[in-house]
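Examining the three-dimensional arrangement
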Amino acid sequence: MTTTDDASRASAPEHDQPVNHNHPTVQQGRSVPVNLRQTGPTPMQLLISTRIRKSPYWHLSVEAGAWRAEVYNRVYHPRGYLSMEEGGPLAEHRSVVEDVTLWNVAVERQIQVKGPDAEDFVNYVITRQAKTITPMHARYVILCNEAGGILNDPVLLRISEDEFWFSLSDSSLMFWLQGVNISKGYDVTIDEIDVCPVQIQGPRSEALMRDLIGPMVSDIPNYGLAAAEVAGLPVIVSQTGFTGEKGYEIYLYDATLHAEEMWNAILEAGEAHHLRVIAPAHPRRVQAGILSWGQDMDAETSPLQTNLAYQVPRKKEEDYIGKAALEAQREQLEAGQPPFDLMLVGLRLGGKPITDYAPDFWLVSTTDSDDPVGYLTSPWYSPELETNIALGYVPVGMSGTGTQVRVWLPEEYAETPGQPVDAVIVDVPFRPSVNPNTREVLKQGQQSF
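Residues numbered from 1 in each chain as written. Predicted model: local features only at pLDDT ≥ 70, side-chain atom pairs only at ≥ 80, totals over all residues. Heavy atoms only, no water.

**Some details on the UniProt feature "binding site: substrate" (unreviewed entry) in the protein**
Quick reminder of the rule: UniProt positions are given in the numbering used here, feature names are shortened, and annotations may be inferred rather than shown by experiment. Counting from the N terminus, the helices are DSSP H or I runs at least four residues long and the strands are E runs at least two residues long. Residue contacts follow a heavy-atom distance rule, with two residues in contact if any of their heavy atoms lie within 4.5 Å. Each polar contact in these results corresponds to two N or O atoms within 3.5 Å; when the atoms are within protein, one needs to be able to donate a hydrogen and the other to accept it, and residues that are neighboring in sequence are counted only if both atoms are side-chain atoms.
Look at the UniProt record and you will see "binding site: substrate" (unreviewed entry) annotated at Glu249. Structurally, the position occupied by glutamate 249 is in strand β14 (residues 247–253). In this view, glutamate 249 contacts Val105, Glu108, Pro197, Val198, Gln199, Ile236, Val237, Ser238, Thr240 and Gly241; residues no more than four positions away in its chain are not counted. A polar contact of 3.3 Å, which involves the side chain of glutamate 249, links it to the side chain of glutamine 199.

Here's what the structure looks like:
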């Protein structure tokens, strides 16, 4: 998918370049291609300064053992607690699938849209139908630009008839929403609020939440909300998460004032349930086919090429940003003329177990040529499936399940250094979710949307 006309792109003089797979040419169809240079791990210290926000839970994460971090939504984001010697991310993954975990996800900044026109405004900026979301329920949604590129994929919480919260993924959205309303003039206020969530994820999450908020937790449906208290502090609880396991999010009001009280109350209650503080569990979210903005998709990818076709409704009559472009793309797809070069797929691949985050978008080739034609976005080892798995982009014509390809893994994971490993395109999710998401439900039931 492209977001600019060819005529409007900056051009450089043409010149011949030698073939070099560290400077790969993959036909991406983008204005700004994904950087596919294979640089590997580059040791670098994260500078902590006042230019990036420390969330209210930052110091608590450090006390809990966080040893590495990155920046997400202009907030410092803990990304590792157990050392690699202790098992690293895959050891943290075991806690998610066996017990219960606590995550600092204050980087999910909360943008409140409130006012008499809140429903109409939200309905205009998301692709799905906002009017069917009843108060105290949530929904996973996407927001697109006029070309159909994905700007953000938040969880949208409807607190009341006239109040919504966008719980953001990793891209700034408040300025976009405010900018849209400059010309549209809906009667709403759009601001960030002092509400910061944590996630409680894993099969023992309901038992822990019962100790925190009482038996009412059993009445919260998947993507349902409840007003509650933790340690006497007002919160909103949702049954949502980033894992495919049973899980909840706790949204703390006035988080800058009360972070320690709630965090410590969770730790205390969690002792009886083998609670572990961990980073977001990406191995499990990949198994569930949950996408990560900026990694698996961005503003130059369409929902129709990223397993998010269900987010482009056939029955929404009202206009929304990107509607014309997305409906035109769908017509092209159904006519056998894909409007983009690459498609996001799931892959099973060989090699030694991938035990840490990939520092590069590892390259994908066909079975009969070493030239790269695609790239991986989210590769991990799955202990449950006993194989490496990944999300990645391949040419549309190669995106069918069963297609054989090869992947160029770095030496530490390659079966034979310097040689690619075999891979095959497979269905996503790799493992079913405890609470199937909308895409899984639609696929199982062949429902229209």
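**Side note on the side chain of threonine 366**
Looking at the element boundaries, threonine 366 is found in the loop between β17 (363–365) and β18 (372–382). Here serine 369 takes part through its backbone nitrogen, which lies 3.2 Å from a polar atom of the side chain of threonine 366.

**A closer look at the sheet that holds β14**
The condition that has to hold: In this description, strands pair whenever DSSP reports at least two bridges between them. Angles here are taken between N-to-C directions and fall from 0 to 180 degrees, while the axes themselves are lines fitted to C-alpha atoms, restricted in helices to the stretch in contact.
With mixed pairing, the six strands of this open sheet are ordered in space as β12-β13-β14-β11-β3-β15. Both outer strands of the open sheet, β12 (225–230) and β15 (275–277), are each paired with one neighbouring strand and no more. Direction aside, the axes of adjacent strands within the sheet are offset by 30° on average. Bridge count between strand β11 (residues 195–201) and β14: seven bridges; the pairing is antiparallel. Across the sheet, glutamine 201 pairs through a bridge with glycine 247, a residue of β14. Its contacts with the sheet place helix α2 (residues 88–98) against β3 (100–104), β11 and β15, and it is angled at close to 120° to β3. Packing against the sheet, helix α6 (residues 255–270) makes contact with β3, β11, β12, β13 (233–238), β14 and β15, and its axis sits at approximately 145° to β14.

**Description of the UniProt feature "domain: GCVT N-terminal" (unreviewed entry) in the protein**
In this structure's numbering, the residues bearing the UniProt feature "domain: GCVT N-terminal" (unreviewed entry) are residues 64–316. Along residues 64–316, the helical share is 24% and the strand share 29%, with 46 Å between the first and last C-alpha atoms.

**Side note on α2**
Inclusion rule: The rule is simple: take the accessible area with a 1.4 Å probe, protein chains only, and divide by the maximum for that residue type; under 20% is buried, over 50% is exposed, in between is partly exposed.
Most of α2 is tucked away, with nine of its 11 residues classed as buried. Along α2, the residues classified as buried are Gly88, Pro89, Leu90, Ala91, Glu92, His93, Ser95, Val96 and Val97.

**Describing the sheet that holds strand β8 (residues 155–160)**
Spatial strand order, β5-β8-β9-β4-β10: five strands in an open sheet with antiparallel pairing. Looking along the sheet, the strands with just one partner apiece sit at the ends: β5 (137–140) and β10 (189–192). Averaged over all neighbouring strand pairs, the angle between strand axes comes to 20°, with direction disregarded. Pairing of β5 with β8 involves four bridges; the strand directions are antiparallel. In the strand pairing of β8, tyrosine 140 is matched with valine 155. Of the strands in this sheet, β4 (110–114), β8, β9 (163–167) and β10 are in contact with helix α3 (residues 118–125), which crosses β9 at around 30°. Seen against the sheet, helix α4 (residues 174–184) touches β4, β9 and β10 and runs at an angle of roughly 165° to β10.

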